[in-house]
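The chain contents come next:
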Amino acid sequence: MRPLKRTAAALLVIAFALPVLAGAAGVGYGAKGEDVIKIQKRLKQWGYYNGSVDGMFGSGTLAAVKNFQRKNGLTADGIVGKKTAAAMGITLSSGSTQASGSGTSGEVWLLARVIYGEGRGEPYKGQVAIGAVVLNRVRSASFPNTIAGVIYQRGAFDAVSDGQINLAPDENAVRAARDAMNGWDPTGGCLYYYNPATATSRWMLSRPVRLRIGRHAFC
Amino acid sequence: MTRTIKRLIDYSIPVLASFAAIAAAVWGRGQRARAEEYARIADEYVSVCINSCARCGQELEETVRAMGVSLEKLSVTASVGGRVLALEDVVRESAEAQALISRLPQSQPGSAELNAFLTRAGDYARSLSKRLLAGEEPGERDKKQLALILDSCVKLTDRLSADIADGALPNGTEDLDYYGGPEAGAEEPSEPEYPELIYDGPFAEAVENAEPKWAVGEEAAPGEARARAEELLGAPAELTGKTEGRLPTYDLTSGGAELALTVRGLKLLWFMRAPAGNASGLPDDAEREAIFGAARSFLDRAGYEDMEPSFAQYHDGTALVTFVWVMDGVRVYNDLVKVWIDRETHEPCGLDARNYVYSHCERERQEPAITAEEARRSVSQSLVSTAEPRLALIPITPQREALCYEFTGECGGSEYYVYVNAQTGREERIFKILKDENGEKAI
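Let us look at the structure shown here. Because the structure is predicted, anything quoted here is derived from the model rather than measured.

## Description of the interface of chain A and chain B
- Listed as interface residues are 42 residues of chain A and, on the opposing side, 55 residues of chain B.
- Of the roughly 4,200 Å² buried where chain A meets chain B, counting both sides, 51% is carbon and sulfur surface.
- Along the contact surface separating chain A from chain B lie one salt bridge.
- If you list the elements that add at least two residues to the side of chain A that touches chain B, you get helix H1 (2–25), helix H6 (124–139), helix H9 (171–181) and helix H10 (202–205) of chain A.
- It is H6 of chain A that contributes the most residues to the side of chain A that touches chain B, six residues altogether.
- When the residues that make up the side of chain A that touches chain B are grouped by side-chain class, the tally is 15 nonpolar, 13 polar and 14 charged.

What follows is the structure in structure tokens.
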């Protein structure tokens, strides 16, 4: 048990440290953003990459970067640092978001994780609406007055209770979080939402529904 | 030969069976040890949760008690400085108590009222301390309200002490339904447990119940909303629903965009459309001007006139420009509209006018009592001016605005906006401008 735990702990440390190290050294697997788009465009232009230019550093981009590095006498570590970027003739803006969320401000990232955990598969407007409900709660006297306080209130969100909040959000969720933070509120100030197909609380069901988006009723 | 094989088989079966038995025993032992380890971890975890809740409950009781003591001290303090300090203690203690409540695992309807009381008590104390600093003496109503808050704090402390003694505070081990479960009462409690506080602050009930000032007039018919959407976005529109609430809206789709028009006045409250989203980096001056121009012409079309761009941010291939209403050269910072422009097509792909719709109305014209040069004396010497000062009407509290001189300057490599009251010469607000690869914003 003990050695197992130690190995697990070591793995965890490495898992957390990797994105940070990659962030410091350059753009690598799991990164997103404008730098990745630059890299993909250049690799595609030069025939190393056949995938789509989507700004997501996935396995296709990784293989292409390694191939490029091998052919250009660079260390084939799959990370685009200063040397690889120079060989590609591009400048990194360091504005890319790593998988850990660096580059996206902490609150946007946290909100994006709730939106993704609670509302992936919902229409975009419904995802912004989930973010807006969180922020409306922060502004309401009856709820905690921080985003983290609202999100981690026990039982407030299923995605927090069942751990889905820890999934890495997709770009849509991050955009929805940013739109909600910028003031978009498709719910007109709602504080609650529920799925009428699964909700059981009489208190909740007694509240007047203001609008429905996708599977959720907002009130 | 066959006999040798047969003998070998005869011997190997028991040998293999014994090996299997030994392996099973070792495996079983390992599993049992693992199960015991898990049980131990689970026990340890439960006890950490219970203890952490107990600590929260205890600290909550102590904090609310301290808040009561601060209010008692306030009632016997004469000096302005002493009273401001006591009020700031109440602000801090109420914030601490709210943080502790949010850590106690209880249902939302169960904690909502208490949370609202503590939030408003702190918010009210802050507004009172600001009034004292501005030279205003609290009136009879304030004395009564402070007494009511003290009374609630004393009752709450007693209740918490009793709950702690009885072990009645939630500790995370009970089943919890955030919304009170299927059996919870559907009716709102008729008798409020905490006093209603009348004051001017961000969490005041008056603010939560504020009515929009701009979206007024007769209710429009759905057909009119559809026609207005088509006129605005230049594509056939379809009504998808109606959102009720303080600001009822018609929700529509038009040419791949979603939008909401206020039922009263048919004002464009928000609209959103997916951008092409390929542009990146910060724009040059020419692109910036083109973006601002595109945004302004859309604002004019939507009925938001005399708007001036302030901050801009660049994300996901879009530019987000915050526009502020300008009244006779004075920037009115409550009346904001945000416009998103697709940087590839320079077409609008979003708008949010909630602030404007709630606060926009004609303001009474004011003349500044002091000159910009006189106001500059209130600005810190370390701020190096970077632009000419100009007049702005800024929110001081949710219900009060003040005419100020806006000074823009630099200090230690950062840019700041400093607002000095144009009537009293008092420094009212300071904003720091954050600039990064995505543009700028004020905090």
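Now, onward.
## Quick word on the pairing of strand E3 (residues 257–262) of chain B
All names here are of chain B.
- By the criterion of burial, E3 is predominantly enclosed, with five of the six residues buried.
- Sheet topology note: the strand E2 (residues 249–254)/E3 ladder contains six bridges and is antiparallel. Across the sheet, the residue bridging to Thr253 is Glu258, located in E3.
- Connecting the antiparallel pair E2 and E3 is a turn made up of two residues, with Gly255 showing a positive phi of about 50 degrees.
- Hairpin remark: E3 followed by strand E4 (residues 268–272), antiparallel, with five residues in the connecting loop; positive phi at Gly265, about 90 degrees.

## With respect to empty space enclosed by the protein
Residue and element names in this part refer to chain B.
- Counted under the stated rule, the structure contains three cavities of 30 Å³ or more.
- If you add up the space inside the largest cavity, you get close to 50 Å³.
- For the lining of the largest cavity, the secondary structure elements donating two or more residues are E2 and E4.
- Partitioning the lining of the largest cavity into residue classes produces five nonpolar, four polar and two charged.

## Topic: the environment of Arg228 of chain B
All names here are of chain B.
- If you trace the backbone, Arg228 turns up in helix H6 (residues 222–233).
- The spatial distance from the C-alpha of Arg228 to the C-alpha of Glu440 is 33 Å, given a sequence separation of 212 residues.
- Once residues within four sequence positions are removed from consideration, Arg228 is found in contact with Leu261, Leu266, Arg301, Ala302 and Gly303.

## Remarks on the pairing of E4 of chain B
Residue and element names in this part refer to chain B.
- Counting buried residues along E4, five of its five residues qualify, which places the element largely inside the surrounding structure.
- The pairing of E3 with E4 spans four bridges and is classified as antiparallel. Residue pairing for E4: Ala260 is matched across the bridge by Trp270.
- Inspection of the sheet shows E4 paired to strand E8 (residues 348–352) by three bridges, in the antiparallel sense. Along E8, the bridge assignment pairs Met272 with Gly350.

## Focus on a nonpolar patch on the surface
- A contiguous nonpolar surface patch, about 280 Å² in accessible area, is contributed by Ile5, Ile9 and Ile13 of chain B.
- Exposure remark for Ile5 of chain B: the relative accessible area of 44% places this residue in the partly exposed category.

Analysis parameters
- Residues numbered from 1 in each chain as written.
- Chains lettered and ligands numbered in written order.
- Predicted model: local features only at pLDDT ≥ 70, side-chain atom pairs only at ≥ 80, totals over all residues.
- Heavy atoms only, no water.
- Contact = heavy atoms within 4.5 Å.
- Buried area = accessible area lost by both parts, 1.4 Å probe.
- Salt bridge = Lys/Arg side-chain N within 4 Å of Asp/Glu carboxyl O.
- Helix = DSSP H or I, 4+ residues; strand = E, 2+ residues; numbered from the N terminus.
- Nonpolar A, V, L, I, M, F, W, Y, C, P; charged D, E, K, R; others polar.
- Buried < 20%, exposed > 50% of the residue type's maximum accessible area, 1.4 Å probe, protein only.
- Pairing = 2+ DSSP bridges.
- 1 Å grid on protein atoms, 1.4 Å probe; cavity = no way out; pocket = protein on both sides within 12 Å on 5 of 7 lines; lining within 4 Å.
- Points joined across faces, edges and corners; volume = space filled by probe spheres on them.
- Patch = residues over 30% accessible without salt bridge, like charges linked within 9 Å, V, L, I, M, F, W, Y side chains within 5 Å.
- Areas by Shrake-Rupley, 256 points an atom, 1.4 Å probe, with all protein chains shown as cover.

Coordinates in, geometry out; function isn't part of it.
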